[in-house]
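Observations on chain architecture
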Amino acid sequence: DARVTQTPRHKVTEMGQEVTMRCQPILGHNTVFWYRQTMMQGLELLAYFRNRAPLDDSGMPKDRFSAEMPDATLATLKIQPSEPRDSAVYFCASGTRDRTPPQHFGDGTRLSIL
Amino acid sequence: AQSVAQPEDQVNVAEGNPLTVKCTYSVSGNPYLFWYVQYPNRGLQFLLKYITGDNLVKGSYGFEAEFNKSQTSFHLKKPSALVSDSALYFCAVRVDSNSNSGYALNFGKGTSLLVTP
């Protein structure tokens, strides 16, 4: 059963450190999404890519967050420098060009910034 | 902007009873609506979607949802709840129904479903 793989599953680090989260989309999926989940805000769309090109990153704080797809099998989300308010669960999802997805979600990276 | 609202933070139901998790939507154009379920420490799993056609949509694990245009609602239902259905349920709407590029989703806040034995 094809799955979206996210690494690491858990990350604890100190404020100011760089954090890199990785996502391997399902083979053949050409669209990748990054979401952030917190108790207060729920699920927020941060950015998404199609065919490795960014389509929308308006939900992402530009000063510290960056998202890339170096190749079709890897998407990365970086935070530099990290802050305690970045603590959340970050989900990656992938989908096809179909207009009516379901998106397939990974199990997330639980990030804690001390 | 396309949005959905889930008016209940939590729904409690006894096993074997029917369950309903409510969702209302606000969209311009045709709504593309979805339900997802999230189990602890897991990502979201797709349950069902409404694009067009029959107002009653059947999905995974015995769930179904009823699209009601006049009430702008898309409630999730199941005739007989199981303890294993206890989870967090999210309603979602496609961000832009008029574009081939904009199929990111806006999610509701989620409703926690607790099914008791």
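Further up the page is the structure itself.
In this report, we go over the structure that sits alongside the text. Given the structure is predicted, the values throughout are model-derived calculations rather than measurements.

In this section: unusual backbone geometry. Residue Pro8(A) follows Thr7(A) across a cis peptide bond; omega there is -10 degrees. Inspection of the secondary structure puts Pro8(A) in the loop between strand S1 (5–7) and strand S2 (10–13). The omega torsion across Gln80(A) and Pro81(A) is -5 degrees, close enough to zero to call that bond cis. Tracing the sequence through the fold places Pro81(A) in the loop between strand S8 (74–79) and strand S9 (88–95). Notably, Asn41(B) is not glycine yet its phi reads approximately 60 degrees, a positive angle. We note that Thr72(B) has phi near 45 degrees; this positive angle belongs to a residue other than glycine. Its location among the elements puts Thr72(B) in the loop between strand S8 (64–68) and strand S9 (73–78).

Right, let's talk about the interface of chain A and chain B for a bit. The interface of chain A with chain B comprises 29 residues on the first partner and 23 residues on the second. Taken over both partners, the interface formed by chain A and chain B buries close to 2,100 Å², and the fraction arising from carbon and sulfur atoms is 49%. Counting the contacts that link chain A with chain B gives one salt bridge. When the shortest N-O distance is used, the salt bridge between Arg42(B) and Asp107(A) registers 3.0 Å. Counting across the interface, chain A meets chain B through eight residue pairs in polar contact (both at pLDDT 80 or more). Contributing elements (two or more residues each) for the side of chain A that touches chain B: strand S4 (31–38), strand S5 (42–50) and S9 of chain A. Counting residues per element, the side of chain A that touches chain B draws most heavily on S5(A), at five residues. Along the lines of polarity and charge, the residues of the side of chain A that touches chain B split into 11 nonpolar, 10 polar and eight charged.

Rules of the game
Residues numbered from 1 in each chain as written. Chains lettered and ligands numbered in written order. Predicted model: local features only at pLDDT ≥ 70, side-chain atom pairs only at ≥ 80, totals over all residues. Heavy atoms only, no water. Helix = DSSP H or I, 4+ residues; strand = E, 2+ residues; numbered from the N terminus. Contact = heavy atoms within 4.5 Å. Buried area = accessible area lost by both parts, 1.4 Å probe. Salt bridge = Lys/Arg side-chain N within 4 Å of Asp/Glu carboxyl O. Polar contact = N/O pair within 3.5 Å; in protein donor to acceptor, adjacent residues only side chain to side chain. Nonpolar A, V, L, I, M, F, W, Y, C, P; charged D, E, K, R; others polar.

In short, geometric facts, not functional conclusions.
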